[in-house]
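Here are the chains, one letter per residue:
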Amino acid sequence: MARFVRWYGSSPLHLLVLITSFAITGYAMVRLFAVRPLEVAIWFVGAAVLHDLILLPLYSLADLSAHTVLRHRATRVPQPPWINYLRVPAFLSGVLLLVWFPLILALAIPYPGATGLSMDVYLGRWLAITAVLFAASAVAFADKLRRVRRAALADGERPAPGRDAAS
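Everything numeric in this text was worked out from a predicted model, so none of it was measured.

Colleague: Residue-level account of the packing of helix H4 (residues 83-104) against helix H6 (residues 122-154), with values.
Modeller: Describing two packed helices takes the angle between their axes plus the distance from one axis to the other. Packing of H4 against H6 brings their axes to within 9 Å, and their N-to-C directions diverge by 170°. Taken together, the axis directions place H4 and H6 in an arrangement best described as roughly antiparallel. Counted together, Tyr85, Leu86, Pro89, Ala90, Leu92, Ser93, Leu96, Leu97, Leu103 and Ile104 of H4 and Tyr122, Leu123, Trp126, Ile129, Thr130, Leu133, Phe134, Ser137, Ala140, Phe141 and Lys144 of H6 form the full contact between these two elements. In terms of residue class, the contact of H4 with H6 is built from 17 nonpolar, 3 polar and 1 charged.

Next comes the structure, spelled out in structure tokens:
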């Protein structure tokens, strides 16, 4: 087992999951290309162009802006890395928007007739889910910050000037 891990770099379970995911993806591609090969090829090229030329620069700029605007000053008490507590809910909210944008933006014309459901609720629900994601991330960051500061104070570090040990 150790020899395999040294050779491959991870456990056999990782390799098995990777091979399985490639097999499922290959099966899906074969099925999709059998039905509509031109549309699938256009979709893949369009998705690659959209991601590489538009979305990647946009979210890289947003990440750089977040780092610049929300930069913390150095303190005596250690600070946990905060950026992933902003990235994760933003990513999940973006994925939900990407998947459900026709309903969120009321662009799916045949949807109400086919299901009998109204499209009026999707924007509010997406905004509520986004708010819950960011709130949960803020709570998780506050808990991590509390634990890091408690551990630092237990190790004998002094709090930042102007703050008492109880805060």
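Colleague: Got a sec to walk through the pattern of salt bridges? Specific residues and values, please.
Modeller: Scanning the model with the defined rule gives 3 salt bridges in all. For Asp143, the salt bridge goes to Arg147, with nearest N and O atoms at 3.2 Å. Taken together, the residues Asp143 and Arg147, both in helix H6 and 4 residues apart, mark about one turn of the helix. Three or more residues joined by partner-sharing salt bridges are found here, namely Asp143, Arg146 and Arg147.

Colleague: Which residues make up the packing of aromatic side chains, and what are the values?
Modeller: In this structure the tally under the stated criterion is 4 aromatic pairs. Measuring from ring centre to ring centre gives 5.2 Å for Trp43 and Phe44, while their planes differ by 80°; the resulting arrangement is edge-to-face. One aromatic cluster in this structure is built from Phe4, Trp7 and Tyr8.

The rules we used
- Residues numbered from 1 in each chain as written.
- Predicted model: local features only at pLDDT ≥ 70, side-chain atom pairs only at ≥ 80, totals over all residues.
- Heavy atoms only, no water.
- Axes fitted to C-alpha atoms, helices over the stretch in contact; angles between N-to-C directions.
- Helix = DSSP H or I, 4+ residues; strand = E, 2+ residues; numbered from the N terminus.
- Parallel < 35°, antiparallel > 145°, perpendicular 65-115°, else oblique.
- Contact = heavy atoms within 4.5 Å.
- Nonpolar A, V, L, I, M, F, W, Y, C, P; charged D, E, K, R; others polar.
- Salt bridge = Lys/Arg side-chain N within 4 Å of Asp/Glu carboxyl O.
- Phe/Tyr/Trp six-rings, centres within 6.5 Å; stacked < 30°, edge-to-face > 60°.

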